[in-house]
Amino acid sequence: VQLQASGGGLVQAGDSLRLSCAASGRTFSGYTMGWFRRPPGKEREFVASVRWSGGNTAYLDSVKGRFTISRDNAKNTVYLQMNSLKPEDTAAYYCAAGYGIIWSERDNQRSYDYWGQGTQVTVSS
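Computed from a predicted model, the values in this text were never measured in an experiment.

Colleague: When you look at unusual backbone geometry in this model, what are you seeing that I'm missing?
Modeller: Residues other than glycine predominantly adopt negative phi, and peptide bonds predominantly adopt the trans conformation. Positive phi outside glycine occurs at N76, with the angle close to 55 degrees. On the secondary structure map, N76 appears in the loop between β7 (67–72) and β8 (77–82). Unlike most non-glycine residues, S84 shows phi in positive territory, near 50 degrees. Within the fold, S84 resides in the loop between β8 and β9 (91–99). Among the residues examined, S84 registers a relative accessible area of 42% and is labelled partly exposed.

Structure (structure tokens):
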């Protein structure tokens, strides 16, 4: 699976962005998709994940109510809608795919087999 993330940019606090991650190379079926981010000078952290069926989602506490993860399996694409952005959301955002992930391990980076190249989101105050 090859993952191509896009949609990042420079926005002001309170604005919205939608990140996209297009998967190619093999079937998307059965893969849990996740978004992670690496803020400047910090470790990469879990942001959100969605099961292949789309029926289960999970979020980092600080983005709950503001971010929404979704997927379109027909297009092999996963999205991260980010609303009410804050300066602390500034980071490089990475999408990831993992097959057969145990849901309790959805926020563990080691659960994911494939990673995109990252897209930068910068939120100014």
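Colleague: How should I be thinking about the side chain of D89 in this particular structure?
Modeller: With respect to the helices, strands and loops of the structure, D89 is situated in the loop between β8 and β9. Look at D89 and you get buried, because its relative accessible area is 1%. A polar contact is formed between the side chain of D89 and the side chain of R37, at a distance of 3.0 Å. If we skip the residues at most four places from it in the chain, D89 touches R37, V63, R66, F67, S84, V121 and V123.

Colleague: What is the right way to look at the sheet that holds β7 in this model?
Modeller: If you walk across this open sheet you meet the four strands as β1-β3-β8-β7, and the pairing is antiparallel. Edge positions in the sheet fall to β1 (2–6) and β7, since each of these pairs with one other strand and no more. On average, each strand axis in the sheet is inclined to that of its neighbour by 15 degrees, with strand direction left out of account. With six bridges joining them, strand β3 (residues 17–24) and β8 adopt antiparallel strand pairing.

Colleague: Can you help me understand the packing of aromatic side chains in this one?
Modeller: One pair of aromatic rings is described through two measures. These are the centre distance and the angle between the planes. One pass over the structure, following the stated rule, counts six aromatic pairs. Ring centres 6.2 Å apart and planes at 50 degrees place the aromatic pair Y31 and Y114 in the tilted group. Of the two residues, Y31 is situated in strand β4 (residues 31–38) and Y114 in strand β10 (residues 114–115); the sequence distance between them amounts to 83 residues. The exposure class assigned to Y31 is buried, which follows from its relative accessible area of 6%. Centroid distance F36 to Y112: 5.2 Å. Interplanar angle 80 degrees. Geometry classified as edge-to-face. Of the two residues, F36 sits in strand β4 while Y112 sits in the loop between β9 and β10, which places them 76 residues apart along the sequence. Cation over ring: R44 sits above Y94, and NZ or CZ is 5.2 Å from the ring centre.

Cut-offs and rules
Counting from 1, residues in each chain are numbered in the order their sequence is written. In view of the model being predicted, local features appear only for residues whose pLDDT reaches at least 70, and side-chain atom pairs are presented and counted only at 80 or more, with totals across whole chains, interfaces and linings using the full set of residues. Side-chain measures were taken over the full set of non-hydrogen atoms in the model, leaving aside hydrogen atoms and water. Going along the chain from the N terminus, every DSSP run of H or I of four or more residues is numbered as a helix, and every run of E of two or more is numbered as a strand. The buried label goes to any residue with under 20% of its type's maximum accessible area, the exposed label to any with over 50%, and the partly exposed label to all in between, with areas taken from a 1.4 Å probe on protein chains only. In the analysis that follows, any N or O atom pair within 3.5 Å is treated as a polar contact, provided that within protein one partner can donate a hydrogen and the other can accept it, and provided that, for residues neighboring in sequence, both atoms belong to side chains. Residue contacts are defined here by distance: any two heavy atoms, one from each residue, within 4.5 Å place the two residues in contact. Note on pairing: two strands pair once DSSP finds at least 2 bridges between them. Where helices are involved, their axes are fitted lines through C-alpha atoms of the stretch in contact, as for all axes, and angles between N-to-C directions lie from 0 to 180°. Note on aromatic contacts: the rings of Phe and Tyr and the six-membered ring of Trp form a pair at centre separations within 6.5 Å, being stacked when their planes are under 30 degrees apart, edge-to-face when over 60 apart, and tilted otherwise. Counted as over-ring charges are cases with an Arg CZ or a Lys NZ within 6 Å of the ring centre that also lie within 35 degrees of the ring normal.

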